[in-house]
Structure formats: structure tokens, C-alpha cells
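Per-entry structural report
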Amino acid sequence: MKPFIIIFFGLIFSANCYAQDTLFVLHPLVGDTIDKTEKMNYFLFPSLKNDDFKCCYIIRSNDHFFVNSYTWNDSLSIRQIDTTEIRQCIVNIDKFHAFYLNRAKNDSLRKNKKLDLNFKDPVSNYNNEQLIGEQSRERIIKEVNRDNRMKSDVERANQTKQGTDLFSGGAHFQTYRTGHKKKK
């Protein structure tokens, strides 16, 4: 019974004295182990050289963080980092991730050919159809006609208030063209 009690107290005291180191996950995108491509893509740990870098991981021990980095010749270097550097690495990962996502999107401006908008040169290949589509052109024409009509209505209303437009033939008719689809 005596050896059992000694082993029991020994286990209790050794468990309390042993500080367990845990792996720290820097960001879900990189996981707990950071390889060379992740380090270079997200610009992590600039103090570690990229030439001989193989991989690294972060260990949290008590309230301190340590970067354990391996090189291609299997040497291990342990360096303590503070929380501000960890926060900066997380910000870098978020920024570069957003950058890479936006870069992967299709850019409509890059697909179009470059326009030469030299209006003074008569030989220039400037063409209004390149800038404005047919539907946009029709909408702009309708808006211009509407604005002109409203402006003339205001002028006519002012002339009517002053009594100068009483019999001067201020009335006019405007017809609208409606598009009917042809039946096949």
C-alpha cells in the first residue's frame, strides 16, 4: 500500500509541475504548421530568411509564444515572439487572402482593348459605340428629351403666369414612337 501512495503523490506533484506546451494555430488558412510557400505568400515572420526555410510552427508555453522553425539541413531554431508580431501576421494573412481572392476575379476592364481617346486627332480610332452601348444611348436620348420637355414646360408656365403666352401658339404636340414587335 505504501508504494501505491508514493506513486500516487508522485504523479500528482509531477502533473502539477509539468507545464504543457500547446501548438498555436496562427490562422485557419495556414493551420498549425506553416510551410515556405505560406510564409512567402502571406509575408510571415520577415526575420526568418526564406532561403533555407522549410517549415515552422508556434508553441504557446504559459504566456509566451515561441516560433520553432526548421531549415532544409534539419536544424531547429527557437525564437520567442510577442503578441504584436502574432497580430501583425494575422492581419497580413487576412490582407493577402483578400488580395488573392480579388485578383482571381475576372476584371472587365482588362478584357477590353485600350481606347485611344485623342479627340483632336482626325485619324484617331475613337468610336462612340465603344464607350456607350445601344441601350445606354437610347436611355440617354430619352432622358435628354424629358429634360428639354420639362425645361420648355417651365418656360411656358412662366410665360402663362405673366400673360405673354395667351394666344401666341404655345401649344404643341409631341408624338412618341412605341415599338411593336412584328409577328412572325
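Here the structure is shown first, and the text comes after it.
Residues numbered from 1 in each chain as written. Predicted model: local features only at pLDDT ≥ 70, side-chain atom pairs only at ≥ 80, totals over all residues. Heavy atoms only, no water.

Focus: helix α3 (residues 83-104)
In a regular helix each residue adds 1.5 Å, so 22 residues correspond to 32 Å; α3 covers 32 Å between its end C-alpha atoms and thus fits that length. Of the positions making up α3, those classed as buried are Glu-85, Ile-86, Cys-89, Asn-92 and Ile-93. End-on, the buried residues of α3 take up no more than an arc of 115 degrees, which puts them together on one face. Of the exposed residues in α3, those oriented more than 90 degrees away from the buried face are Arg-87 and Lys-95. Check the buried side of α3 and you find it contacts β1 (22-24), β4 (64-71) and β5 (76-81). (Helix = DSSP H or I, 4+ residues; strand = E, 2+ residues; numbered from the N terminus. Expected span 1.5 Å × (residues − 1). Buried < 20%, exposed > 50% of the residue type's maximum accessible area, 1.4 Å probe, protein only. Arc of directions from axis to C-beta. Contact = heavy atoms within 4.5 Å.)

Examining the pattern of salt bridges
Under the criterion given, the structure shown has five salt bridges. The salt bridge partner of Arg-79 is Glu-85, with a shortest N-O separation of 3.1 Å. Taking relative accessible area as the criterion, Arg-79 reaches 26% and is therefore assigned partly exposed. Across the pair Glu-143 and Arg-139 runs a salt bridge whose closest N-O atoms are separated by 3.3 Å. Remark: Arg-139 and Glu-143 occur in helix α6 (residues 134-162); sequence separation between them is four residues, near one turn of the helix. Residue Glu-143 is classed as partly exposed on the basis of its relative accessible area, which comes to 32%. (Salt bridge = Lys/Arg side-chain N within 4 Å of Asp/Glu carboxyl O.)

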